[in-house]
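Inside the fold
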Amino acid sequence: MRVRSGDTEIFYEVSGNGPDLVLLHPFPASHHVWGGVAELLSTRYRVITPDLRGLGDSPIGDRPATMQQHAEDLLAVLQDVGVVKASFAGNSIGGYILFEFWRRFRERVEALVFVDTKASADGDDARKTRLQAAEDVLKRGTEPFIEAQLPKLIGESTHRNRPDVVQNAKRWMMQASAMGIAAVQRGMAERADSVPTLSTINVPTLILWGEEDTATPLAEMEKIHSGIRNSRLRRIPKAGHYAPLEAPEQVHLALREFLGR
């Protein structure tokens, strides 16, 4: 399904029936990262999985891919499906977007799940690295960028034991255009610091961290946990930054237990 949002169309899928649950995928992949989890949860929930603008099957459009724009895109999807209030889970950039969505549309949020993400904004060095990567992908194309990212995004156990998962991740990343990847990188580089937002979050919140995630240190997840009152932090063994893809059964069980409460 597709919905118009400003200057582009956002692709999304809907499966199952029940309370609404929205799953936001990590950079630079697509909604397929949540595929196994979505299938398991669709027996009890209506699961909505969009592709972020510039990634998957959602074109980049002409507007900057800021967190504010992603939040407006998400609102357009909710309105198209007829969702008034939902639970949300965001992996990596999906978490960045959820912080912005909370600041702007918190009345639509029932519960939050942050997966392998961070509340802190990029420091100067990280910002320069992102902006340089955006320039490089436009010059060299997507494959060198994605090949360099895979070891950082997929855990060691998955690389060693599940090469099929690694290849699927690469295939979904390769759906994105160089322009899309560059625009999303620039949007992440200029995102706001969400640490001050943590104390305002007053809905049930779960934090999941893949124990083999080298892209997001545990300290960043603990910062979110300590900043959100009554939140819960769980570790996902043998999973990296793409924990929903690498350990769908474990992530599904953690979400089902949390949402069931």
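The structure contained in this document is the topic of the report that follows. Keep in mind that this is a model prediction, so the values were computed, not measured.

Here is what the cut-offs are and how they apply
- Residues numbered from 1 in each chain as written.
- Predicted model: local features only at pLDDT ≥ 70, side-chain atom pairs only at ≥ 80, totals over all residues.
- Heavy atoms only, no water.
- Helix = DSSP H or I, 4+ residues; strand = E, 2+ residues; numbered from the N terminus.
- Rg over C-alpha atoms; globule rule 2.2 N^0.38 Å.
- Buried < 20%, exposed > 50% of the residue type's maximum accessible area, 1.4 Å probe, protein only.
- Pairing = 2+ DSSP bridges.
- Axes fitted to C-alpha atoms, helices over the stretch in contact; angles between N-to-C directions.
- Contact = heavy atoms within 4.5 Å.
- 1 Å grid on protein atoms, 1.4 Å probe; cavity = no way out; pocket = protein on both sides within 12 Å on 5 of 7 lines; lining within 4 Å.
- Points joined across faces, edges and corners; volume = space filled by probe spheres on them.

Moving on, we get to the overall build of the chain. Across its full length, the chain holds twelve helices and eight strands. A compact globule built from 261 residues should have a C-alpha radius of gyration of about 18 Å, and the chain, at 17 Å, falls within 12% of that. Seen along its three principal axes, the alpha-carbon backbone of the chain occupies a region of about 50 × 40 × 35 Å. For the chain, the proportion of its 261 residues judged to be buried stands at 58%.

What follows concerns the sheet that holds strand β6 (residues 109-115). Taken in spatial order, the eight strands line up as β1-β2-β4-β3-β5-β6-β7-β8 in an open sheet, and their pairing is mixed. Each edge of the sheet is formed by a strand with only one pairing partner; in this case those strands are β1 (2-5) and β8 (232-236). Across the sheet, the axes of successive neighbouring strands diverge by a mean angle of 25°, strand direction being ignored. Bridge analysis of strand β5 (residues 86-91) against β6 gives six bridges, and the strand direction is parallel. If you follow Gly-90 over to β6, its bridge partner there is Phe-114. Each of β1, β2 (8-15), β3 (20-24), β4 (46-50) and β5 is contacted by helix α2 (residues 67-81), which is oriented at about 130° to β1, the strand it contacts most.

Bringing empty space enclosed by the protein into the picture now. A full pass over the atoms with the stated rule returns one cavity of 30 Å³ or more. Each pocket or cavity is described by its volume, and for the largest cavity that value is around 60 Å³. Every residue lining the largest cavity is listed: Ile-10, Leu-24, Pro-50, Asp-51, Leu-52, Arg-53, His-70, Asp-73, Leu-74, Val-77 and Ile-97. Considering each element in turn, the lining of the largest cavity owes the most residues, four residues, to α2.

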